[in-house]
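Given next are the chains, with one letter for each unit.
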Amino acid sequence: MSRITVLGIESSCDDTSAAVIQDGFLRSNVVAGQKVHEAYGGVVPELASRAHQQNIIPVVDAALKQAGIGVADLSAVAFTRGPGLMGSLLVGTSFAKGLARAKGIPLVEVNHLQAHILAHFIEVESEAHVSPCFPFLCLLVSGGNSQIVLVRDYHDMEVIGQTIDDAAGEAFDKCAKVMGLPYPGGPWIDRLAAQGNPKAFQFSKPHIAGYDYSFSGLKTSFLYKLRDALVENPNFIEENKTDLCASLQKTIVDILMDKLKKAAKDLGIREVAVAGGVSANSGLRTAFEEYAQRYRWNIHIPKFAYTTDNAAMIAMSGYFKAINHDYIGMDAVPFSKTRF
Ligand code: KG4
């Protein structure tokens with residue numbers, strides 16, 4: 001039987017990545033980050049698309065080499081169609097189209113958010129792995145999204161709750177900025193929180209109906225707390241940084257877990273996963289483990305390499321589509337806004 005070999009291309013934000021999945025197993029996953037944004041405190045879209053142009057060919061080359069294959073071995077090429085930065089997406093999309101046309105192989109579109117969820121199915125041949133069973137709930141938390149997704153099948157997903165304002169990652173990053181921490185602030189808060197007291201400060205929690213989230217009130221409450229305290233003591237942030245980080249992190253994690261718990265209870269689902277950049281957070285990971293014990297959840301926490309943007313998840317999602325011959329035409333254009 002001939003092998004099914006899918007090349008995945010990811011270029012939605014500031015990481016250029018390529019990966020190969022062969023017969024359902026990951027063979028390579030190469031990621032090139034972009035240091036150029038560090039000086040600006042955030043991703044500069046124009047610089048991101050230029051860097052993707054420089055990185056894409058070497059990254060694809062490296063992914064093919066690591067997988068021990070050549071372009072002639074590819075059965076299909078999968079690419080991130082959106083959401084993301086338009087200039088960045090165009091680089092990966094155009095590259096994928098060019099390769100598909102040149103080699104006469106099919107093109108597969110992948111939704112970046114769905115791919116974060118399907119990252120839970122990435123398997124490496126020599127490693128033990130337990131994939132989630134359908135249906136499961138996935139808490140998708142990143143710099144741009146905070147959603148609870150009901151996953152019925154690889155391509156049957158429903159967003160049952162989402163943020164009505166800021167995303168969880170944005171709350172981490174914006175509060176970190178107020179404390180003078182570098183961008184992105186999430187990992188900094190995580191590290192500092194480990195040395196602080198999570199009960200030292202109280203911040204406001206939202207009262208939103210259903211499974212939706214809101215983080216803008218928390219951000220304002222954090223800002224006001226600091227502003228008032230700095231009037232009394234100009235060294236307040238420095239003297240309380242670890243406690244502030246621990247208390248903030250606990251509040252964000254509590255908000256995320258409360259709604260997830262409600263959804264799991266209402267729907268009678270105990271298969272629960274987390275995905276996206278914020279799933280790297282140690283407080284959130286610990287909370288998942290606690291809930292697994294307390295509510296007998298089967299939890300799925302991704303490897304660190306698959307929490308951030310990567311093409312392994314694009315190739316995996318592309319593989320699931322390719323085996324169903326779910327291809328897309330050369331007229332496919334990227335989309336920037338969140339859609340499922
Ligand atoms: O999914 P992702 O890599 O891309 C975007 O959506 O942009 O998520 C990035 C987000 C950032 O907000 C970053 O601060 C947050 O994930 N993040 C973390 C941690 N690692 C990354 N937040 C809290 N704790 C972490 N350890």
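Quantities reported herein were computed from a predicted structural model and do not represent experimental measurements.

**Focus: helix α9 (residues 312-322)**
In an α-helix, one turn spans 3.6 residues; hence positions three or four apart end up facing the same way.
Next, step 1: When you tally the buried positions in α9, you get 11 out of 11 residues, the bulk of the element.
Next, step 2: Within the span of α9, buried status applies to A312, M313, I314, A315, M316, S317, G318, Y319, F320, K321 and A322.
Next, step 3: In this structure, the buried residues of α9 make contact with β1 (5-10), β2 (16-22), β3 (25-32), β4 (76-82), β5 (107-111) and α3 (112-118).

**Description of the site of the ligand**
Next, step 1: Close contacts around the ligand come from 16 residues, with G143, D173, D190, G277 and N281 the closest.
Next, step 2: Here S142 contributes a side-chain N or O atom positioned 3.2 Å from an oxygen atom of the ligand.
Next, step 3: Burial of the ligand by the protein chains amounts to 82% of its free accessible area of 560 Å².
Next, step 4: Those elements giving two or more residues to the shell around the ligand turn out to be α4 (168-178) and α5 (186-193).
Next, step 5: For the shell around the ligand, the per-class residue count stands at five nonpolar, nine polar and two charged.

**Observations regarding the packing of aromatic side chains**
Centre distance and the angle of the planes are the two values used to describe a pair of aromatic rings.
Next, step 1: Going through the model one piece at a time under the given rule, you end up with 16 aromatic pairs.
Next, step 2: An angle of 40° between the planes, with centres 6.3 Å apart, marks the rings of Y295 and W297 as tilted.
Next, step 3: Exposure remark for Y295: the relative accessible area of 30% places this residue in the partly exposed category.
Next, step 4: Ring-pair connections join several aromatic residues into one group, and the members of that group are F121, F134, F136, Y154, Y319 and F320.
Next, step 5: Directly above the ring of F304 sits R285, whose terminal nitrogen or CZ lies 4.1 Å from the centroid.
Next, step 6: Between the NZ or CZ atom of R294 and the centre of the ring of Y291, over which it lies, the distance is 5.3 Å.

**Description of the sheet that holds strand β10 (residues 298-300)**
Next, step 1: Pairing within the open sheet is mixed, and its five strands lie in the order β8-β7-β6-β9-β10. The open sheet has two free edges, formed respectively by β8 (156-162) and β10, since each of these has just one partner strand. Direction aside, neighbouring strands of the sheet carry axes that sit 25° apart on average.
Next, step 2: Examined bridge by bridge, strand β9 (residues 271-275) and β10 share three bridges and lie parallel to one another. Opposite A273, over in β10, you have H300 as the bridge partner.
Next, step 3: Packed onto the sheet, helix α8 (residues 282-295) meets β6 (136-141), β9 and β10 and runs at close to 180° relative to β9.

**Comments concerning the sheet that holds β1**
Next, step 1: In space, the five strands of this open sheet follow the order β3-β2-β1-β4-β5, with mixed pairing throughout. Both outer strands of the open sheet, β3 and β5, are each paired with one neighbouring strand and no more. For this sheet, the mean inter-axis angle between neighbouring strands, taken without regard to orientation, is 20°.
Next, step 2: In terms of strand pairing, β1 meets β2 through six bridges, oriented antiparallel. In the sheet register, I9 faces β2, and the bridge partner there is A18.
Next, step 3: The strands that helix α1 (residues 45-67) touches are β1, β2 and β3; relative to β2, the one it contacts most, it runs at about 25°.

**Observations regarding the environment of S336**
Next, step 1: Tracing the backbone shows S336 in the segment after α9.
Next, step 2: Classification of S336 by relative accessible area gives partly exposed; the value is 38%.
Next, step 3: Between the alpha carbons of S336 and G82 there is a distance of 5.5 Å; along the sequence they are 254 residues apart.
Next, step 4: Once you skip the residues sitting within four places of it in the chain, S336 turns out to touch P83, G84, M86 and L89.

**A short note on the pairing of β8**
Next, step 1: Examined bridge by bridge, strand β7 (residues 146-153) and β8 share six bridges and lie antiparallel to one another. When the sheet's bridge partners are listed, V151 is paired in β8 with M157.
Next, step 2: If you look at the hairpin formed by β7 and β8, you'll find two residues sitting between the two strands.

**Examining the packing of helix α6 (residues 216-232) against helix α7 (residues 236-267)**
Next, step 1: Contact geometry for α6 and α7: axes closest at 12 Å, N-to-C directions at 160°. In terms of axis orientation, α6 runs roughly antiparallel to α7. Remark: the crossing between α6 and α7 carries right-handed chirality. Each of L218, F222, L226, A229 and L230 in α6 lies in contact with α7, whose residues at this interface are F236, I237, L244, L248, T251, I252 and I255.

**Topic: the environment of E170**
Next, step 1: Assignment of secondary structure puts E170 in helix α4.
Next, step 2: Put simply, E170 and G143 are 27 residues apart on the chain and 5.2 Å apart in space, counted from C-alpha to C-alpha.
Next, step 3: Residues contacting E170, with those up to four places away along its chain left out, are S142 and G143.
Next, step 4: Within polar-contact distance, the side chain of E170 engages the backbone nitrogen of A167 at 2.8 Å.

**Some words on a nonpolar patch on the surface**
Next, step 1: The grouping of V178, L223 and Y224 at the surface amounts to a nonpolar patch, some 250 Å² of accessible area in total.
Next, step 2: Considering the arrangement of structural elements, one finds L223 in helix α6.

**What about the packing of α7 against α8?**
Next, step 1: For the pair α7 and α8, the least separation of the axes is 10 Å and the interaxial angle reads 40°. Overall, the two elements α7 and α8 adopt an arrangement that is oblique. Taken as a pair, α7 and α8 cross one another with a handedness that is right-handed. Taken together, the residues of α8 that come into contact with α7 (itself represented by Q249, V253, L256, M257, D258, L260 and K261) are S282, G283, L284, A287, F288, Y291 and Y295.
Next, step 2: When its residues are assigned to classes, the contact of α7 with α8 shows nine nonpolar, three polar and two charged.

Quick notes on the rules
Residues numbered from 1 in each chain as written. Predicted model: local features only at pLDDT ≥ 70, side-chain atom pairs only at ≥ 80, totals over all residues. Heavy atoms only, no water. Buried < 20%, exposed > 50% of the residue type's maximum accessible area, 1.4 Å probe, protein only. Helix = DSSP H or I, 4+ residues; strand = E, 2+ residues; numbered from the N terminus. Contact = heavy atoms within 4.5 Å. Near = heavy atom within 4 Å. Polar contact = N/O pair within 3.5 Å; in protein donor to acceptor, adjacent residues only side chain to side chain. Areas by Shrake-Rupley, 256 points an atom, 1.4 Å probe, with all protein chains shown as cover. Nonpolar A, V, L, I, M, F, W, Y, C, P; charged D, E, K, R; others polar. Phe/Tyr/Trp six-rings, centres within 6.5 Å; stacked < 30°, edge-to-face > 60°. Lys NZ or Arg CZ within 6 Å of the ring centre and 35° of its normal. Pairing = 2+ DSSP bridges. Axes fitted to C-alpha atoms, helices over the stretch in contact; angles between N-to-C directions. Parallel < 35°, antiparallel > 145°, perpendicular 65-115°, else oblique. Left-handed = near helix turned anticlockwise from the far one by under 90°. Patch = residues over 30% accessible without salt bridge, like charges linked within 9 Å, V, L, I, M, F, W, Y side chains within 5 Å. Salt bridge = Lys/Arg side-chain N within 4 Å of Asp/Glu carboxyl O.

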